[in-house]
Amino acid sequence: MKQKFFMLAALLGLASCTAPFYPEDPADKNAVRNFDQIWNDFDAYYGLFEAKHLDWDSLYAVYRPQVQEGTDEEGLYQVVTQMLGHLNDHHITLFPAGTDLPRWSNDLTNGVFIFDEFDLDVVKTYVSNWHEAGDFLQWGTLADNIGYMHISSFPDKIKPVETALEQALNGLKNTRAIVLDIRDCPGGFDPAAQYIAGRFATTRSLYMTVRKRNGPKKTDFGPGVEWYVEPTGSSQFTKPVILLTSRATGSAGETFTWAMNRMETVQQLGDTTSGAFSDNIMRETWNGWMYTISVGDYRAADGKSYEGIGVAPDVFCRNEKAEVLAGKDRVLEMAMTLVP
Amino acid sequence: MMKTPFQWISATALAVVLAFLSMPATAQHTLGFSVGLEKTELLDQNTSVLPYKGFIPQAGLQWQHRSKHWQSGFDLSVGRGHLQAVGHPGRSVVFLEEDIHGVRDTVRVPVVVPWTPVEASFYLLRGLTAPDRDLRMSAGGMVSDQFFYSDGFVRPGLMHTASVAPRFQLDYRPETGRMFFSAGITATLAALVTRMRYDGTVSQPGGTRWNGFFGNTTLHGPDKHRRWTGFVQFGYQLTTHWQAAATYRFERSHDALPRPLDLQRQKVSATLSWTY
């Protein structure tokens, strides 16, 4: 019996005697150290300094002296958000985790994204035969045999996307046009957007070139990767498409807009998109705060960057909040009039 | 070249089947099932400056073969649990949402990392001492396939490795008596390592997330990837066929690219096995 106790004690002893490879308490609320960590992470990963003509070192010179070791979390939050605001990038979000401070991004107001120009419940009043093809895609028919398709995001698994598109396009194949609504689509997975655009394509066309950071120097980028839109799936919808966008259309919703705009059958209606194309990553600092960083330099087919600018529509139209609350979707109504 | 976990697991399984078919008829086989708890600590500077740790429940299957001069075995273990940033327990982020009617909703999301370690390994050892001795030393090699899947806001430790390592083992099995003891160490020589790229993304034209992740697979020598493991096991022969054992296993690894990752795992497990 003694022998067994000895063996058990030896096992537990071994389990507790190893030294960790990190500081015993890595949490550190020192404002200077946390400011420097955030600044350094952007320096090492942000992909848009060149595209946006930003002098990151100058921003350090301005904002770093505003932080002292004793600066409290709210003070640090004010300085960091002011500095990040200069990047004019909706893909940058600061999550002050573990505090009561609100999530920050350039397009948030006190931590809330206010978008009062769209209501899917109002859209539904225009659409008959409403179908759900997965949680990211709904479709049905509008008046005058016009199809309607709503995409709320671009999922990161391709198979469900293929299945949903097959179902929706089969259901809409006899309509004379489709109104494709991505007004409330914040983005998702670019390859899914590429696949969906391919269901409307008849030819192969370059729609964007992407370079991503591959090293700590601001000039460290991997090779440019060309993205083409080309026919995908079992069939193509080649009749007119009215693509509805808004300022809430972001990220993969915008690369999708680039891809769709390569087609002559597509007309973009609504508002200019968000202007945040790049993939982003999450990083953390010692005090537990988290932040996203855009790592890529995404260029349209014309070679230009539209980060911070967005994709402008062919025809501008925007709902007023009062209209939407009254059950009217002026953008959707205009889309139906644009169908040839 | 094999790049996916499925391909590596298939190759390992094939090696096990071939080894099994080549066994002499007099060989002794042992099949075991284990449950354990693993303490995982990692610092993946590819994603964060914060170290993460957690206690991960594990389950495993072991098959072992012994003949006069040879010993081989196949181990499979799977775990599932959560990691939290050291120094920031219970951390959460708050999302405020407001619909068009002005109705606000507050969603508080805990910042934890769901963590799933999966490992399959096959080893083959040749006895270095006379087979009739109570204390037996053996040496050989091990191939193993490890996949650490992490999810959440940050994904520290996300890594797949397929590695080759020499292994040295001591077994003490007295002719009389029910107790037995084993201890062993391995040190990785080379590994095919897959981690997130420097930019931390997986999207690529026409690709899936898996294509994007496994597209960043490189062969690392000990200069870029180091891993060593050790274990001690105390066992008790319950009946002619049944044994029970308690095992402590330690693993430490370091991978240099694109940014350093340090991982330490310590597992205590209990195994019930059947010899036939």
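The structure displayed is predicted, hence computed values, not measured ones.

Conventions and cut-offs
- Residues numbered from 1 in each chain as written.
- Chains lettered and ligands numbered in written order.
- Predicted model: local features only at pLDDT ≥ 70, side-chain atom pairs only at ≥ 80, totals over all residues.
- Helix = DSSP H or I, 4+ residues; strand = E, 2+ residues; numbered from the N terminus.
- Buried ≥ 20, exposed ≤ 12 C-beta atoms within 10 Å, placed from the backbone.
- Contact = placed C-beta atoms within 7 Å.
- Pairing = 2+ DSSP bridges.
- Axes fitted to C-alpha atoms, helices over the stretch in contact; angles between N-to-C directions.
- Core = buried A, V, L, I, M, F, W, Y, C linked by C-beta atoms within 7 Å.
- Domains from an automatic or database assignment.
- Nonpolar A, V, L, I, M, F, W, Y, C, P; charged D, E, K, R; others polar.
- Parallel < 35°, antiparallel > 145°, perpendicular 65-115°, else oblique.
- Left-handed = near helix turned anticlockwise from the far one by under 90°.

1. Description of the overall build of chain A
A tally of helices and strands in chain A yields ten helices and 14 strands. Based on the C-alpha atoms only, the size of chain A along its principal axes is roughly 80 × 65 × 45 Å. Counting only residues that meet the buried cut, chain A has 46% of its 340 residues in that class. Considering only intrachain contacts with a sequence separation of at least 6, the fraction spanning at least 24 residues in chain A is 73%.

2. Some words on the sheet that holds strand β13 (residues 296-300) of chain A
Residues and elements named next belong to chain A. In space, the three strands of this open sheet follow the order β8-β7-β13, with antiparallel pairing throughout. The sheet is open, and its two borders are formed by β8 (225-229) and β13, each paired with just one other strand. For this sheet the average axis-to-axis angle between neighbouring strands, irrespective of direction, equals 25 degrees.

3. A short note on the nonpolar core
Counting 61 residues, the largest nonpolar core has V179 and I242 of chain A as its most contacted members. Sorting elements by how many residues they give to this core places helix α6 (residues 158-172) of chain A first, with seven residues. Here V179 of chain A is in contact with L142, I146, Y148, I242, L244, L332 and A335 of chain A, once residues within four sequence places are set aside. Formed by 51 residues, the second largest nonpolar core is a distinct cluster that contains I38, V80 and W104 of chain A together with V112 of chain B.

4. Focus on the domain arrangement of chain A
Residue and element names in this part refer to chain A. Considered domain by domain, chain A is made up of domain 1 (28-110 + 278-303) and domain 2 (120-205 + 228-275 + 310-338). Look at where the C-alpha atoms of domain 1 and domain 2 centre, and you get two points 33 Å apart. Domain 1 puts five residues into the contact, and the matching count from domain 2 is seven residues. Taken together, the residues that form the side of domain 1 that touches domain 2 break down as three nonpolar, two polar and no charged.

5. Focus: the packing of α6 of chain A against helix α7 (residues 190-198) of chain A
All names here are of chain A. In the contact formed by α6 and α7, the axes pass within 10 Å of each other and the chain directions differ by 25 degrees. Looking at the two axes, α6 sits roughly parallel to α7. Along this stretch, α6 crosses α7, giving a crossing that reads as right-handed. Here α6 contributes I158, V161, E162 and L165 to the contact with α7, which in turn contributes P191, A192, Y195 and I196. Taken together, the residues of the contact of α6 with α7 sort by class into seven nonpolar, no polar and one charged.

6. Re α7 of chain A
Structurally, the α-helix is built with 3.6 residues per turn, so residues lying three or four positions apart point the same way. For α7 of chain A, the buried fraction is high: eight of the nine residues fall into the buried class. Where the residues of α7 of chain A are buried, they touch α6, β8 and α8 (252-260) of chain A.

7. Notes on the pairing of strand β3 (residues 70-79) of chain B
Residues and elements named next belong to chain B. For strand β2 (residues 52-66) and β3, the ladder comprises nine bridges, and the chain directions are antiparallel. Residue pairing for β3: H65 is matched across the bridge by S72. Counting the residues between successive antiparallel strands, the hairpin from β2 to β3 contains three residues. In the sheet, β3 pairs with strand β7 (residues 113-127) via nine bridges, with the strands oriented antiparallel.

8. Considering the packing of α7 of chain A against α8 of chain A
Residues and elements named next belong to chain A. Across the interface, α7 lies against α8 with an axial gap of 9 Å and an inter-helix angle of 30 degrees. Compared by their axis directions, α7 and α8 come out roughly parallel. Relative to α8, the crossing made by α7 is right-handed. The segment α7 lies against α8, with D190, A193, Q194, I196 and A197 engaging A252, T255, F256, A259 and M260. When its residues are assigned to classes, the contact of α7 with α8 shows seven nonpolar, two polar and one charged.

9. Digging into the interface of chain B and chain A
On the chain A side, the residues contacting the 42 residues of chain B number 49 residues. For the side of chain B that touches chain A, the elements supplying multiple residues, two or more each, are β1 (28-44), β5 (92-98), β13 (225-237), β14 (242-255) and β15 (261-275) of chain B. Take the side of chain B that touches chain A: its biggest share by element is seven residues, from β5 of chain B.

10. What to know about unusual backbone geometry
A negative phi angle characterises most non-glycine residues, just as the trans form characterises most peptide bonds. Cis peptide bonds are those with omega within 30 degrees of zero, and the linkage from L257 of chain B to P258 of chain B qualifies with -5 degrees. When you line up the elements, P258 of chain B lands in the loop between β14 and β15. The backbone of N110 of chain A shows a phi angle near 50 degrees, a positive value even though the residue is not glycine. Within the secondary structure, N110 of chain A sits in the loop between β2 (104-105) and α5 (120-124). You can call N110 of chain A exposed: it has 10 C-beta atoms within 10 Å.

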